[in-house]
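# Overview (structure and organization)
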Amino acid sequence: MYKKYTKKQTVLLLCGALAAAVIVAVLLLIICSRGEKTPVLAESDNPYALLEKNTYDKSAFFEENGLKNYRFKDGGKALVGIDVSEHQEDIDWSALSGKIDFAFIRVGYRGYEYGLLNPDDRLHDNISGALKAKIPVGVYFFSQAMSEDEAVAEAKYVIDSIKDYDVTWPVVYDMERLENARAEALSAEERTRFAGVFCSEIKKAGYTPLIYGNVNWLLYEIDMPSLKNYGFWLAEYDDLPEFPYNFDIWQYTDTGKIPGVEGNFDLNVSFKDFGKAE
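Throughout what follows, the structure given in this document is the object of discussion. All chains use their own residue numbering, which begins from 1 and follows the written sequence. With pLDDT at 70 or above as the cut-off, local features in this predicted model cover only qualifying residues; side-chain atom pairs require 80 or more to be listed or tallied, and sums for whole chains, interfaces and linings still use all residues. Side-chain figures throughout are based on the complete set of non-hydrogen atoms in the structure, without hydrogens or water.

Here we take up the overall build of the protein chain. Secondary structure elements follow DSSP: runs of H or I no shorter than four residues count as helices, runs of E no shorter than two count as strands, and numbering proceeds from the N terminus. Of the regular secondary structure elements, the protein chain holds six helices and eleven strands. Scored against the burial criterion, the 278 residues of the protein chain give a buried share of 47%. Computed by Shrake-Rupley with a 1.4 Å probe, the accessible areas treat only the displayed protein chains as cover when residues are assessed. Just so you have it, the protein chain exposes about 14200 Å², and 51% of that area is on carbon and sulfur atoms. Note on exposure labels: buried denotes an accessible area under 20% of the residue type's maximum, exposed denotes more than 50%, and partly exposed covers the range between, all computed with a 1.4 Å probe on protein chains only.

A word on the pairing of strand 7 (residues 171-174). Taking every second residue as pointing to the same face, both faces of strand 7 are buried, with Val171 and Tyr173 on one and Val172 and Asp174 on the other. Should DSSP find at least two bridges between two strands, the strands are taken to pair. With four bridges connecting them, strand 6 (residues 137-142) and strand 7 associate as parallel partners. From the neighbouring strand, Phe141 faces strand 7, where its bridge partner is Tyr173. Taken together, strand 7, helix 5 (residues 188-204) and strand 8 (residues 209-214) form a β-α-β motif whose crossover is right-handed. Seen with its strands pointing away from the viewer, a crossover is right-handed when the path leading from the first strand over the helix to the second is clockwise.

Whether two aromatic rings pair depends on their centres lying within 6.5 Å, for rings of Phe, Tyr and Trp, where Trp uses its six-membered ring; planes under 30 degrees apart make the pair stacked, over 60 edge-to-face, and the rest tilted. For the coordinates displayed, the defined rule picks out 22 aromatic pairs. Look at Tyr212 and Trp233: their rings are 5.0 Å apart centre to centre, the planes differ by 80°, and that puts the pair in the edge-to-face class. Highlighted residues: Tyr212 in strand 8 and Trp233 in strand 9 (residues 231-235), separated in sequence by 21 residues. The exposure classification of Tyr212 matches that of Trp233, with both residues buried.

So, about helix 3 (residues 123-132). Turn by turn, an α-helix covers 3.6 residues, leaving residues three or four places apart pointing in a common direction. For helix 3, the set of buried residues is Leu123, Asn126, Ile127, Gly129 and Ala130. Viewed along the axis of helix 3, the buried residues span an arc of 165°, placing them on a single side of the element. Positive backbone phi, approximately 65°, marks Lys134, located one or two places after helix 3. Relevant arc is that of directions from the helix axis to the C-beta atoms, nothing else.

Further remarks concern the pairing of strand 8. The element strand 8 is largely enclosed, with a buried count of six among its six residues. Residues of strand 8 alternate between two faces, with Pro209, Ile211 and Gly213 on one and Leu210, Tyr212 and Asn214 on the opposite face, all of them buried. Sheet topology note: the strand 7/strand 8 ladder contains four bridges and is parallel. Across the sheet, residue Asp174 finds its bridge partner in strand 8, namely Tyr212. Of the pairings in the sheet, the one linking strand 8 to strand 9 comprises five bridges and is parallel in character. In the sheet register, Leu210 faces strand 9, and the bridge partner there is Gly231. Handedness of the crossover joining strand 8 and strand 9 through helix 6 (residues 215-221) is recorded here as right-handed.

Limitation: the analysis is restricted to geometry and does not speak to function.
Now the structure itself:
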């Protein structure tokens, strides 16, 4: 769903986040060297310190049947899946059966210019096809909300669109920076607030909300600590995920191939089985 960041760009983004943390540490050292009392940082002062860190073992990633995967310490494996929209056109879901563990399907999007709510043209075909092939389904919506009311309207639109289907995986909020789009000038505070409103509505309806974003989006365009009660789906197109904070799903390519199935797919590894009741 995102444009690809090069490894150098990803490293620079991560270095920016690390530099901010170093600056705070240096300031504290200066205070200590002056004999002044070291301030105790409350959660509101240093919220990122309380975010769960990325502790995935890099040596545990492996490739199987052409797809990336991850092996847990108990010997179990992560789950592999795809996310699709009308851009993939006609999908042979029966050919995907047994090759993937889940699929995220786009419900629709809000228009970039006028803000109208639009369905994905292949929503119902894709959900029906995936479920018929016994593939667990989650969904996502591409947001361009400019207010809390619009975020609520988007959530209700999604809920109404999927009410007749067995959606057992998360309902995902996807807002991305687009040039000349209506939501381009939103502040990080506004983006965070609208994501929270959307996720709250989704949770109230009995679904699991999730927030999608690439490295830059999650680190700089929203406030992750304010959304820590919801999970994150990371888009980082690289051999291994370097993102410093915890995430539930890793999207590692948008040009993936699945053996025996035509077309390109966004490919994902999920470290959590959302289909299991907790």
